[in-house]
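Residue strings, one per chain:
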Amino acid sequence: MLDRDGGLLRGTLDLLILKALAWGPRHGYAIAEWVKGITGGDLLVEEGPLYTALHRLERNGWLTGEWGYSENNRKAKFYHLSRTGRQ
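Residues numbered from 1 in each chain as written. Predicted model: local features only at pLDDT ≥ 70, side-chain atom pairs only at ≥ 80, totals over all residues. Heavy atoms only, no water.

Chemist: What's the story with the sheet that holds strand S1 (residues 26-27) in this structure? I'm lost.
Modeler: By way of backbone hydrogen bonds, the strands of a sheet pair with one another, either parallel or antiparallel. Spatially, three strands are ordered S1-S3-S2 in an open sheet, and the strand pairing comes out antiparallel. Edge positions in the open sheet fall to S1 and strand S2 (63-69), since each of these has one partner strand only. Relative to strand S3 (residues 75-81), S1 is paired through two bridges, and the arrangement is antiparallel. Note that in S3 the partner of His27 across the bridge is Phe78. Sitting on the sheet, helix H1 (residues 12-21) is in contact with S1, S2 and S3, with an inclination near 95° to S3. (Pairing = 2+ DSSP bridges. Helix = DSSP H or I, 4+ residues; strand = E, 2+ residues; numbered from the N terminus. Contact = heavy atoms within 4.5 Å. Axes fitted to C-alpha atoms, helices over the stretch in contact; angles between N-to-C directions.)

Below, the structure is given as structure tokens:
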């Protein structure tokens, strides 16, 4: 799952995002926390790669996003799987 430099292999982050969203809509920070939690802290997803992947998946039609408010009452974009993303 990690390349020689210790980074995630191409496509792994996309799959982790899709799996996180299979449980329901989440904003970016919640996705990163989910990955951290299920891996026992072994994988930490940084903001840059995370949001790049989220925007790419949204552009490709696998995700849709809508603005809302997080549990801290902050404005956040919540992503959820589209029909294509579920397939």
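Chemist: Just checking my understanding: could you explain the pairing of S3 for this structure?
Modeler: Look at any regular strand and the pattern is simple: side chains alternate between the two faces of the sheet. Pairing of S2 with S3 involves seven bridges; the strand directions are antiparallel. Following the sheet pairing, Trp67 is matched in S3 by Lys77. Linking S2 back to S3 in an antiparallel pair, the connection comprises five residues, with Asn73 at a positive phi of about 65°.

Chemist: Any chance you could explain the pattern of salt bridges here in plain terms?
Modeler: A side chain with one charge can pair with a side chain of the opposite charge if their charged atoms come near. Within this structure, the stated rule accounts for two salt bridges. With its nearest N and O atoms 2.6 Å apart, the salt bridge here joins Arg56 to Asp14. Here Arg56, found in helix H3 (residues 47-59), pairs with Asp14, found in helix H1; they are 42 residues apart in sequence, far enough to count as distant. A relative accessible area of 17% means that Asp14 is categorised as buried. One salt bridge connects Glu58 with Lys77, and the closest N-O pair in it is separated by 3.2 Å. Separated by 19 residues along the polypeptide, Glu58 in helix H3 and Lys77 in strand S3 bring together distant segments of the chain. (Salt bridge = Lys/Arg side-chain N within 4 Å of Asp/Glu carboxyl O. Buried < 20%, exposed > 50% of the residue type's maximum accessible area, 1.4 Å probe, protein only.)

Chemist: Whenever I open this one, the side chain of His27 confuses me. Can you help?
Modeler: The topology assignment puts His27 in strand S1. You can call His27 buried: its relative accessible area is 7%. Setting aside anything within four residues of it in sequence, one finds His27 in contact with Ser70, Glu71, Ala76, Lys77 and Phe78.

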